[in-house]
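# Secondary and tertiary structure notes
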Amino acid sequence: PKKALIIGAGIAGIATAIRLAVKGYQVEVYEANSYPGGKLSQFEQDGYRFDAGPSLFTMPQYVNELFKLAGKNPSDYFRYQKLDVVCRYFYEDGTRLTAYANAGKFSDEIQEKTGEPAAAVKHYLDNSSTVYNVTNHVFLERSLHRLKTYLRWDTVKSIFQFGKIDAFRTMHKANEVFFKDKRIVQFFDRYATYNGSNPYSAPATLNVIPHLEQHFGAYFPEGGMYDITSCLVALAESLSVKFYYNNPVAEIVLQGHTVRGIKTNDGVIDGDLVVSNMDIWFTYHKLLSNYPKLHPQKILNQERSSSALIFYWGIRDQFRELDLHNIFFSADYEAEFNHIWKEKEIYHDPTVYLNISSKYKPDDAPESCENWFVMINVPANTGQDWDALIAGARENVLNKLSRLLNKDIRKLIANESILDPRSIESRTSSYQGSLYGTSSNTQFAAFLRHANKSSKLKGLYFCGGSVHPGGGIPLCLLSAKIVGELAG
Ligand code: FAD
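Structural notes, computed from the coordinates.

### A short note on the overall build of the chain
On a plain count of helices and strands, the chain comes out with 17 helices and 20 strands. Compactness check: the chain gives a C-alpha radius of gyration of 22 Å against a globular reference of 23 Å for 488 residues, within 12% of the reference. A principal-axis box enclosing the C-alpha atoms of the chain has dimensions of 65 × 55 × 45 Å. Expressed as a percentage of its 488 residues, the buried residues of the chain come to 62%. Within the chain, contacts between residues at least 6 apart in sequence are counted, and of these 71% link residues at least 24 apart. Put simply, the chain shows about 19600 Å² of open surface, and 50% of that area lies on carbon and sulfur atoms. Of the charged side chains in the chain, 53 are positive and 52 negative; the average position of the first set lies 7 Å away from that of the second.

The following block contains the structure:
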């Protein structure tokens with residue numbers, strides 16, 4: 001059989017390995033870390049378990065599809081539950097909102113708590129659904145880089161409906177037209193952060209994201225987010241995929257314009273095709289550093305998505321008003337995003353995201369305790385004085401949570417670790433520590449992501465959050481699907 005070499009066991013690398021194995025390839029995955037999953041990993045801290053990176057799971061069908069491809073029944077291997085409460089929201093003015101999965105209940109909640117008519121919310125979600133129906137085939141599920149995509153009837157139909165996708169105003173401007181209440185505008189603006197973008201510059205097309213969450217739902221895997229990684233690694237292994245950990249790839253080896261294999265610490269390994277799951281910037285700058293003429297400068301120089309600062313706190317208490325996902329909004333969202341995107345620093349009143357997996361999986365924390373994953377959006381790493389920024393942010397976050405929860409959180413912290421843009425960059429080779437590859441802050445971003453197949457080097461493919469169609473688990477899984485089709 002033909003041999004496929006995959007660089008990186010991130011979620012997209014694992015999914016690509018499964019797809020190629022199903023196609024009959026002999027597949028080997030080389031991973032720099034001692035564990036799989038990249039950003040989607042987990043760790044233990046004094047009796048508390050934490051998912052290190054992603055915490056929101058949407059579009060489980062893309063995971064299920066992999067089991068089905070391998071002829072297995074997904075629910076025998078991977079179980080998850082749908083959330084009735086998607087997220088709890090806390091505003092500085094004291095407003096508390098519950099985002100129910102049920103659209104009717106959710107719209108009623110908004111009307112009751114803010115006075116914004118339920119009908120306006122319904123109208124908004126209908127619009128979001130239209131944008132999804134027009135865009136998903138073209139922008140997400142296919143390669144944008146081959147003619148065949150543009151010749152398909154559903155692509156042609158989508159292009160004729162382009163007016164509907166609202167690409168020429170910003171998310172924020174569009175949301176202001178839909179809603180009078182500033183709290184609700186802020187609520188829907190937040191979806192820009194789902195791919196690390198800025199609602200004050202990202203196109204309103206991204207208002208499709210609430211549809212994904214509301215219509216398709218949010219889920220929690222039975223064993224926590226890390227289940228996605230571990231179940232897919234087990235599936236890959238059952239298809240004879242071999243994983244080599246602690247095995248950083250140093251170079252992609254070429255013969256003329258054809259890929260011959262990869263170079264690791266053990267020497268050159270030959271393969272018929274190579275798929276890089278390494279961030280596209282590092283793929284060129286590290287693995288193809290001898291071939292600067294091949295570097296697609298325009299794509300590599302694009303603005304990166306935002307990064308994150310995370311405090312993992314073991315908390316010696318339980319909070320009934322909190323759920324799995326919780327947001328504590330900043331009082332001035334525009335100022336917060338200006339700090340992230342223009343000043344490239346951290347705003348003194350950041351929006352805080354608090355995830356507590358022990359709400360659904362009690363053994364993630366000792367009895368009467370909770371595992372708090374406390375995250376704020378921060379700029380990508382361009383050499384800021386992170387130690388100083390983190391010290392200031394820690395105080396501000398503690399003050400904010402203590403204020404909005406009426407309890408001194410400092411006293412409850414049993415243990416702590418911190419992830420910041422520098423460690424995100426060094427642990428997963430993500431350029432500038434960006435969470436989602438390039439930002440979506442312009443209407444052209446979708447067309448400027450790197451293709452899933454090299455146009456210059458035969459046998460070279462790309463998957464993962466820094467290439468088409470973009471970052472986040474569902475899109476990473478779609479990048480693997482496109483590679484599977486292109487390599488067919
Ligand atoms: P990565 O996870 O980036 O992994 C790449 C792998 O390649 C790593 O294991 C790395 O070690 C390995 N590698 C790199 N270079 C080499 C080399 N030269 N040789 C060998 N191995 C190499 N997404 C969501 O859907 N929902 C969320 O709630 C969410 N929240 C997030 C929160 C945080 C804090 C972070 C960091 C990310 C979040 N994301 C979320 C984004 C999501 O985690 C990523 O988009 C996705 O996991 C990226 O997967 P990937 O396949 O691109 O690879």
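### So, the site of the ligand
For the ligand, the set of nearby residues contains 34 residues, the closest of which are Glu31, Lys39, Gly465, Gly472 and Ile473. One of the backbone nitrogen or oxygen atoms of Ile473 is found 2.8 Å away from an oxygen atom of the ligand. Those elements that place two or more of their residues in the shell around the ligand are α1 (11-22), α15 (421-428) and α17 (473-486). Split into classes, the residues belonging to the shell around the ligand amount to 16 nonpolar, 15 polar and three charged.

### Remarks on the sheet that holds strand β6 (residues 80-82)
Within the open sheet, the three strands sit side by side as β5-β9-β6. Their pairing is antiparallel. Of all strands in the sheet, those bounded by a partner on one side alone are β5 (57-58) and β6. In this sheet, strand β9 (residues 218-221) lies alongside β6 in antiparallel orientation, the contact comprising three bridges. Of the residues in β9, the one forming a bridge with Gln81 is Phe220.

### As for the nonpolar core
The biggest cluster of nonpolar side chains holds 103 residues, and the ones touching the most others in it are Val27, Tyr89, Phe188, Ile228 and Leu232. The element best represented in this core is α17, accounting for nine residues. Counting only domains with at least three residues in this core, you end up with domain 1 (3-38 + 223-303 + 440-486) and domain 2 (105-216). Once residues within four sequence positions are removed from consideration, Tyr89 is found in contact with Thr95, Arg96, Leu97, Ala99, Phe187, Arg190, Tyr191, Ile327 and Phe329. Among the nonpolar cores identified, the runner-up in size contains 27 residues, and Phe90, Val374, Ala393 and Leu412 belong to it.

### Some thoughts on unusual backbone geometry
Residue His468 is joined to Pro469 through a cis peptide bond whose omega torsion reads 0°. Non-glycine residue Asn246 carries a positive phi angle of around 50°. Relative to the assigned elements, Asn246 resides in the loop between β10 (242-244) and β11 (251-255). Positive phi, normally seen in glycine, also occurs at Ser368, with a value near 65°. Note on placement: Ser368 falls in the loop between β17 (352-355) and β18 (370-378).

### Section: helix α3 (residues 103-114)
When the terminal C-alpha atoms of α3 are compared, their 16 Å separation across twelve residues agrees well with the 16 Å that a helix rising 1.5 Å per residue should span. Those residues of α3 lying buried are Phe106, Ser107, Glu109, Ile110 and Thr114. In an axial view of α3, the angular spread of the buried residues amounts to 155°, which keeps them on one side of the axis. In this structure Asn102 caps α3, since a side-chain oxygen of it lies 2.9 Å from the backbone nitrogen of Gly104. Count one or two residues on from α3 and you reach Gly115, which has phi positive near 85°.

### Remarks on the pairing of strand β8 (residues 96-100)
Burial within β8 is extensive, with four of its five residues counted as buried. Where strand β7 (residues 85-90) folds back on β8, the antiparallel hairpin that results is connected by five residues, among which Gly94 adopts a positive phi of roughly 100°.

### Remarks on the sheet that holds β10
Read across the sheet, five strands follow the order β10-β2-β1-β14-β20 without closing on themselves; strand pairing throughout is parallel. The open sheet is flanked by β10 and β20 (460-462), the only strands paired with a single partner. Within this sheet the neighbouring strands show an average axis-to-axis angle of 20°, counted without direction. Bridge count for strand β14 (residues 273-276) against β20 is three bridges, and the pairing is parallel. Residue pairing across strands places Ser276 opposite Phe462, the latter belonging to β20.

### Some points on α1
With twelve residues, α1 extends 17 Å between its outermost C-alpha atoms, agreeing within 8% with the 16 Å of an ideal straight helix rising 1.5 Å per residue. Within α1, eleven of the twelve residues are buried, leaving the element largely enclosed by the surrounding structure. Inspection of α1 places Ile11, Ala12, Gly13, Ile14, Ala15, Thr16, Ala17, Ile18, Arg19, Leu20 and Ala21 among the buried residues, and these make up the whole buried set. Among the residues trailing α1, Gly24 stands out with phi positive, at a value near 105°.

### As for the packing of aromatic side chains
Summed over all chains, the structure comprises 38 aromatic pairs. Considering the side-chain rings of Tyr124 and Phe188, the 4.3 Å spacing of their centres and the 40° angle between planes classify their relative orientation as tilted. Linking Tyr124 in helix α4 (residues 118-140) with Phe188 in helix α8 (residues 182-189), this pair joins segments that are 64 residues apart in sequence. Phe188 matches Tyr124 in its accessibility class, with the two residues each being buried. Ring centres of Trp281 and Phe282 lie 5.3 Å apart, and the angle between their planes is 85°; this geometry places the pair in the edge-to-face category. Assigned by exposure class, Trp281 and Phe282 land together as buried. Over the face of the ring belonging to Tyr100 we find Lys105, whose NZ or CZ atom lies 4.3 Å from the ring centre. Positioned above the aromatic ring of Phe319 is the side chain of Lys407, whose terminal nitrogen or guanidinium carbon lies 5.3 Å from the ring centre.

Thresholds applied
Residues numbered from 1 in each chain as written. Predicted model: local features only at pLDDT ≥ 70, side-chain atom pairs only at ≥ 80, totals over all residues. Heavy atoms only, no water. Helix = DSSP H or I, 4+ residues; strand = E, 2+ residues; numbered from the N terminus. Rg over C-alpha atoms; globule rule 2.2 N^0.38 Å. Buried < 20%, exposed > 50% of the residue type's maximum accessible area, 1.4 Å probe, protein only. Contact = heavy atoms within 4.5 Å. Areas by Shrake-Rupley, 256 points an atom, 1.4 Å probe, with all protein chains shown as cover. Lys, Arg positive; Asp, Glu negative; His and termini not counted. Charge placed at Lys NZ, Arg CZ, Asp CG, Glu CD. Near = heavy atom within 4 Å. Polar contact = N/O pair within 3.5 Å; in protein donor to acceptor, adjacent residues only side chain to side chain. Nonpolar A, V, L, I, M, F, W, Y, C, P; charged D, E, K, R; others polar. Pairing = 2+ DSSP bridges. Core = buried A, V, L, I, M, F, W, Y, C linked by side-chain atoms within 4.5 Å. Domains from an automatic or database assignment. Expected span 1.5 Å × (residues − 1). Arc of directions from axis to C-beta. Axes fitted to C-alpha atoms, helices over the stretch in contact; angles between N-to-C directions. Phe/Tyr/Trp six-rings, centres within 6.5 Å; stacked < 30°, edge-to-face > 60°. Lys NZ or Arg CZ within 6 Å of the ring centre and 35° of its normal.

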